[in-house]
Amino acid sequence: MTTQPLDVTTLTADLIRHPSVSPDPGESQIALGATLEAMGFVVTHLPFGEGAERTPNLFARLGTGKPHLCFAGHTDVVPPGGSDWAHGPFAGTVENGRLYGRGACDMKGGIAAFVAAVSAFLARTPTPRGSISLLITGDEEGPARFGTRKVLEWMKQHDLIPDFCVVGEPTNPVAIGEVIKIGRRGSLNAHIVVNGRQGHVAYPHRADNPVHRLLHVLAELTAAPLDNGSEWFEPSSLQVTSVDVGNTATNVIPAMAEARLNIRFNDLHTGAALRGWIETICMRHAPGATVNVSISGESFLTKPGPDVSALSAAVKAVTGREPKLDTGGGTSDARFIAQYCPVAEFGLVGASMHQIDEHVAVSDLACLTAIYENLLERTVA
Ligand SMILES: [Zn+2]
């Protein structure tokens, strides 16, 4: 099979024209699957979940050789969020060197860049040594229950875990080539409810003030930094996000006080250890307090090795920039992939992601395509 190089801007605009507010109804993945099949990929559509939760996913593989390089991404997008788009959110309009539309940078442009890169790579290297795959989910922006996590379980069952995975999320703040993400912090939410005994402020001995107990809890939780950072991570951060009593009277000791907090934690902690720490402090100052802790994700890190080096080198070769290896920002599906294989994230400039008039520079699409093609040459040629 001879493959013709595909145009990245056309590919991105075609994907944008399939509206796919999370969870993706699926048409964008049918179109993407057809493109990949025409390039020689074996495409498997993997819908998981039932009813309103039904999530389309796609796994596509070209070749069976080693090493196996996987590209991961999502076709679902966040809602347009308003009607004052200068260009329709699903029109895929190009104007003044920019392509507009929901998903342009997060992350239909990233998917299109990888597909275009593979097409250009195959045009010059029709029979590569290694193999290439795509793991595409339709639910990354939503609850992410029937997406990447389920596809990885299926890949494990079928012995399809890659040697290295690149997630095409927009990682660059301003210019392409600035940042490769090699890990992410974990995230934990806690809700603390302290019950006391209501009473008159003039007769405090007949009451038990839960506000004072809660203040002692929060004072100890925030007294010292959680850590000073680690080799690849910034210091962990605990932020109290809410303290509520709901008392409007000036002469009443309230019966209850509650607080919420979030911790973004690095690889020096686990969610379970932080949960235990919070519970111990609550026990000390407010025995009987109700503490609800939910862990949205553990921290993870791919220690820089040959794979991350190849990606850095590809970025440098195309852009001239030395990308910073970073672990900041929110969470992504890479947290699931990290449980199976080394993973790094590199994509477009994310400045307009989730905003009105989301857009990407056409020149950035070409640049990212060249970087992915360079990576393919370094790893699977
Ligand atoms: Zn995204």
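Heads up: the structure comes first, above all this text.
This section reports on the structure supplied with the text. All residue numbers refer to position in the chain's written sequence, counted from 1. In keeping with the predicted nature of the model, local features appear solely for residues at pLDDT of at least 70, side-chain atom pairs appear and are counted solely at 80 or more, and the whole-chain, interface and lining totals rest on all residues. Side-chain figures throughout are based on the complete set of non-hydrogen atoms in the structure, without hydrogens or water.

1. Observations concerning the pairing of strand 14 (residues 256–265)
Then step 1. Burial of strand 14 is extensive: seven of the ten residues sit out of reach of the surface.
Then step 2. Two elements, strand 10 (residues 186–195) and strand 14, share ten bridges in a ladder whose sense is antiparallel. Residue pairing across strands places I192 opposite A259, the latter belonging to strand 14.
Then step 3. A pair of strands is labelled paired if DSSP reports no fewer than 2 bridges between them. Only DSSP runs of H or I covering at least 4 residues are called helices, and only runs of E covering at least 2 are called strands; the numbering of each starts at the N terminus. Relative to strand 14, strand 12 (residues 237–244) is paired through seven bridges, and the arrangement is antiparallel. For every residue, the accessible area obtained with a 1.4 Å probe (protein chains only) is divided by the maximum for its type, and the residue is called buried under 20%, exposed over 50%, and partly exposed between those limits.

2. Quick notes on the nonpolar core
Then step 1. Among the nonpolar cores identified, the biggest contains 55 residues, and L36, F41, I132 and L376 are the most heavily contacted of them.
Then step 2. No other element matches the 13 residues that helix 3 (residues 104–124) contributes to this core.
Then step 3. In this analysis, two residues are considered to be in contact whenever any of their non-hydrogen atoms come within 4.5 Å of each other. With sequence-adjacent residues up to four places away left out, L36 is seen in contact with F41, V43, L58, A60, V115 and L134.
Then step 4. By nonpolar core we mean a set of buried residues, namely Ala, Val, Leu, Ile, Met, Phe, Trp, Tyr and Cys, connected to one another through side-chain atoms within 4.5 Å. By size, the runner-up hydrophobic cluster in this structure holds 23 residues, among which are L238, F265, A289 and V293.

3. Remarks on the state of the cysteines
Then step 1. Working definition: a disulfide is two cysteine sulfur atoms within 2.5 Å of each other. All chains considered together, the criterion is met by zero disulfides.
Then step 2. With no disulfide of its own, C70 lies closest to C165 among cysteine sulfurs, the gap being 4.1 Å.
Then step 3. Under the relative-accessibility criterion, C70 is labelled buried at 1%.

4. Notes on the sheet that holds strand 4 (residues 93–95)
Then step 1. Read from one edge to the other, the open sheet built from three strands follows the order 4-5-19, with strand pairing classed as antiparallel. The open sheet has two free edges, formed respectively by strand 4 and strand 19 (359–361), since each of these has just one partner strand. On average, each strand axis in the sheet is inclined to that of its neighbour by 25 degrees, with strand direction left out of account.
Then step 2. Sheet contacts for helix 9 (residues 362–379): strand 4, strand 5 (98–100) and strand 19; angle to strand 19, the most-contacted strand, approximately 70 degrees. Axis definition: a line fit to C-alpha positions, over the contact stretch in the case of helices; interaxial angles, taken between N-to-C directions, run 0 to 180 degrees.

5. Considerations on the packing of helix 3 against helix 9
Geometry of a packed helix pair, given as the angle between the helix axes and the separation of the axes.
Then step 1. For the pair helix 3 and helix 9, interaxial distance at closest approach is 8 Å and the crossing angle is 50 degrees. Relative to helix 9, the element helix 3 lies oblique. Helix 3 and helix 9 meet at a crossing whose hand is right-handed. Mapping the contact onto sequence places G109, G110, A113, F114, A116, A117, V118, A120, F121 and R124 in helix 3 and L365, L368, T369, Y372, E373, L376 and E377 in helix 9.
Then step 2. Only Asp, Glu, Lys and Arg are considered charged in this grouping, and only Ala, Val, Leu, Ile, Met, Phe, Trp, Tyr, Cys and Pro are considered nonpolar; every other residue, Gly among them, is considered polar. In terms of residue class, the contact of helix 3 with helix 9 is made up of eleven nonpolar, three polar and three charged. Under this scheme an angle from 65 to 115 degrees is roughly perpendicular, one under 35 degrees roughly parallel, and one over 145 degrees roughly antiparallel; angles in between are oblique. Crossing handedness is defined as follows: a turn of the near helix away from the far one that is anticlockwise and smaller than a right angle gives a left-handed crossing, while the clockwise case is right-handed.

6. Some details on the pattern of salt bridges
Then step 1. Every case where a carboxyl oxygen of Asp or Glu lies within 4 Å of a side-chain nitrogen of Lys or Arg is listed as a salt bridge. For the structure shown, the criterion picks out 13 salt bridges.
Then step 2. We note a salt bridge from D163 to K66, for which the minimum N-O separation is 2.9 Å. Of this pair, D163 sits in the loop between helix 4 (148–157) and strand 7 (164–167) while K66 sits in the loop between strand 2 (57–62) and strand 3 (68–74); the two residues are 97 residues apart in sequence, bridging distant segments of the chain.
Then step 3. D326 is paired through a salt bridge with K324; the nearest N and O atoms lie 2.8 Å apart.
Then step 4. Taking the relative accessible area as the measure of exposure, D326 reaches 15% and is therefore buried.
Then step 5. Several salt bridges share partner residues, and in doing so they unite R124, E373 and E377 into one network.

7. A closer look at helix 5 (residues 210–222)
Then step 1. With 13 residues, helix 5 should cover 18 Å at 1.5 Å per step; its first-to-last C-alpha distance of 18 Å lies within 8% of that length.
Then step 2. Those residues of helix 5 lying buried are P210, L214, V217, L218 and L221. Along the axis of helix 5, the buried positions cluster into a sector of 90 degrees, meaning they face one direction only.
Then step 3. Residues of helix 5 that are buried in the fold lie against strand 10, strand 12, strand 13 (252–253), strand 14 and helix 6 (271–285).
Then step 4. In protein, a polar contact means a hydrogen-donor-capable atom and an acceptor-capable atom, both N or O and within 3.5 Å, with residues adjacent in sequence counting only if both atoms are side-chain atoms; elsewhere, any N or O pair within 3.5 Å suffices. You can read the cap of helix 5 off the contacts: a side-chain oxygen lies 2.8 Å from the backbone nitrogen of V211, and it is on N209. Helix span, expected: 1.5 Å multiplied by one less than the number of residues in the helix. To be clear, the arc concerns the directions from the helix axis to the C-beta atoms.

8. As for helix 7 (residues 306–319)
Then step 1. With 14 residues, helix 7 ought to run about 20 Å at 1.5 Å a step, and its terminal C-alpha atoms sit 20 Å apart, in line with that.
Then step 2. All buried positions along helix 7 are accounted for by V308, A310, L311, S312, A314 and V315.
Then step 3. Buried residues along helix 7 sit against strand 7, strand 8 (179–181), strand 17 (324–326), strand 18 (343–345) and helix 9.
Then step 4. Immediately downstream of helix 7, the backbone of G320 shows phi near 80 degrees, a positive value.

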